[in-house]
Every structure is written in C-alpha cells, then in structure tokens.
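Structural description and commentary
Single-letter residue listing:
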Amino acid sequence: MFSILIPTFNNLNFLKLCLYSIKKNSKYEHEIIIHINEGTDGTFDYVKNSGIKYTFSSKNEGVCSAYNKSAKISSNEYIVLGHDDMYFCPDWDIYFVNELNKINHKNFFLSGTMVQNSNGPINIDCGKNPETFNEKKLLNELPLIKFEDFQGTHWQPSLIAKSTWDSVNGFSEEFFPGLGSDPDFNMKLWKRGIRIFKGLGKCRVYHFSSISLRKKVWNNGAKVFLLKWGISIKFFKKYYLRSNEIYTDKLYEPKKNLYYYLDLIKCKLRFIYHKIF
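This structure is a prediction, so every number in the text was calculated from the model and none was measured.

Details of the overall build of the protein
Within the protein one finds 10 helices and 10 strands. Computed over the C-alpha atoms, the radius of gyration of the protein is 18 Å, within 12% of the 19 Å expected from 2.2 N^0.38 for a compact globule of 277 residues. Taking all 277 residues of the protein together, 56% fall into the buried category. Pairs at least 24 apart in sequence give 77% of the contacts found in the protein among residues at least 6 apart. Approximately 13,200 Å² of the protein is accessible, and the part contributed by carbon and sulfur atoms is 52%.

Quick word on the nonpolar core
Nonpolar side chains in soluble globular proteins tend to be buried together. Core analysis: the biggest nonpolar cluster contains 33 residues, and Trp165 and Ile231 have the highest contact counts within it. Looking at this core, the elements that each hand over two or more residues are α3 (62-72), β4 (78-81), α7 (181-192), α9 (233-241) and α10 (258-276). Discounting residues that sit within four places of it in the chain, isoleucine 231 has contacts with Met187, Phe225, Leu226, Phe236, Tyr240, Leu264 and Cys267. Counting residues in each nonpolar core, the second largest holds 31 residues, with Leu19, Ile22, Val80 and Leu100 among its members.

Basis of the calculations
Residues numbered from 1 in each chain as written. Predicted model: local features only at pLDDT ≥ 70, side-chain atom pairs only at ≥ 80, totals over all residues. Heavy atoms only, no water. Helix = DSSP H or I, 4+ residues; strand = E, 2+ residues; numbered from the N terminus. Rg over C-alpha atoms; globule rule 2.2 N^0.38 Å. Buried < 20%, exposed > 50% of the residue type's maximum accessible area, 1.4 Å probe, protein only. Contact = heavy atoms within 4.5 Å. Areas by Shrake-Rupley, 256 points an atom, 1.4 Å probe, with all protein chains shown as cover. Core = buried A, V, L, I, M, F, W, Y, C linked by side-chain atoms within 4.5 Å.

As structure tokens, then:
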C-alpha cells in the first residue's frame, strides 16, 4: 500500500515502539524504509537483522536528507512521512485510504493529527518515553475524543504521492537537521499549485515531542524560511494554509486585507534585518 519513511538517530527503543505500532495498528501491508543516522546504539544491527529496507549515513544528516534518501528506494505510489518517536494509532491507514478514494487525484498533501502529553492538538498524558508509555490508557481514551478535519497540516504523519514528491525534489536540505523543513516543503507544494492541504482528525499518532531532532544540533529554520521565501512560517500558516481552521474545501490565494498587509510589512522588516545583520 504505502511506503512509510522513518528517519532515526540513535533512538532504538522509540523506533521499536514505532514499528510495533505500525504492525499492530495497520489495516494494510506497507513497505517500511528506515534511514539510520549513525545507528551506534544498536539501531543499525537491529534494522539490518529485521529485514526492513533501510538507508544509512555514518553521521547524522538530519531528517531532510533521511527522507530524500529513503524516498529514492521506495517502491509504492504513495509515501507516508513519519518519525521514530511516533506510535501509530489504530486504523491510521484506513483514514488515509478513505481520503485518497474521495480525492481521486494526486494533487494533495494530507496529514494526520498528533496526540501528545501536552501542547498538542490532542492532549493525553500516556508517557514521555517507551518505558513510561501507557498504551492501554491511550487506546481506551483516544476514541472518546472528537477532533475535526482541519485546514493545513500538523506536518507528520503525512501522505503524498511519490510523483508529487519527486516534482518538488523532496525536502530542502539547507534546513539541516530539520526545523523549518516541513513548512518549506508545503510552500514548494503551494508554488507547484497544490491547494488541498488537509489534516485528518481521525488519523492519529501519539508523539513523544520531537525526540527525533533533540540531539545536540538545532537550526534556525524560521530564519532560513524567511530569507528563502520573504515571509515567515507563521505568516504562511495563517494566510496561505489557514492552519487549524476546520476543513471546508481546497485553499485559494490568501485574502489581502489590512491585516494581511500589516503582517506582511512585519515580515519584510524582519527579512531586511536578517539580510543586514
């Protein structure tokens, strides 16, 4: 069905839980491709011995390069972007497949909904790591929580046609190790003419809060995005993706009212500041 791309960086216990959840909670059979950054904690041997497809880099190349390398060896028509610190909840793939059948074309970017212990779209405290993860609590309480489909995206997990991915050359590696790369990817899709950016309220993952990236190195993705596109990530999400509004239909060019121009001026001033300093 899908090719699921999962970058991992010395995160073996999280990766094991992620793979367990895909096997347990998927309706369909999927191709899993893991990009191993370093793998010095036993990840490399574990993945190699499991028979799962993988790509490898001896040093941490970040999530952008990881996705790009693993996408090159994917063999399915659609790819799913995930992270090793995610537990895929029951029937996640059914909701993606149902949406694919409704759309019936490839000009889209779909995402699921993140469930976190705090500061997430859906909040349930089911643990901060695999050792404290309360799977029973999650599976019992999560179905009781309603969450509408929404405009924009919560980034991952996300679903896109492989042909669309290739048309924009995947993720932009100047965002190493990864912060800002998701909105940049969405902007490239917008420039290509994609207007369906839809988050599915019933397609869910439990997310252990950016464990995938929290490894010594951070990047100023907001600055890179601003200098590349001339607007901020916040501006793009608000006026283009209309993030977190209830989903109604495909998106159109933003309404250019007074608030739009005031916020645009703020973006341009920040742009000039970063160019000078």
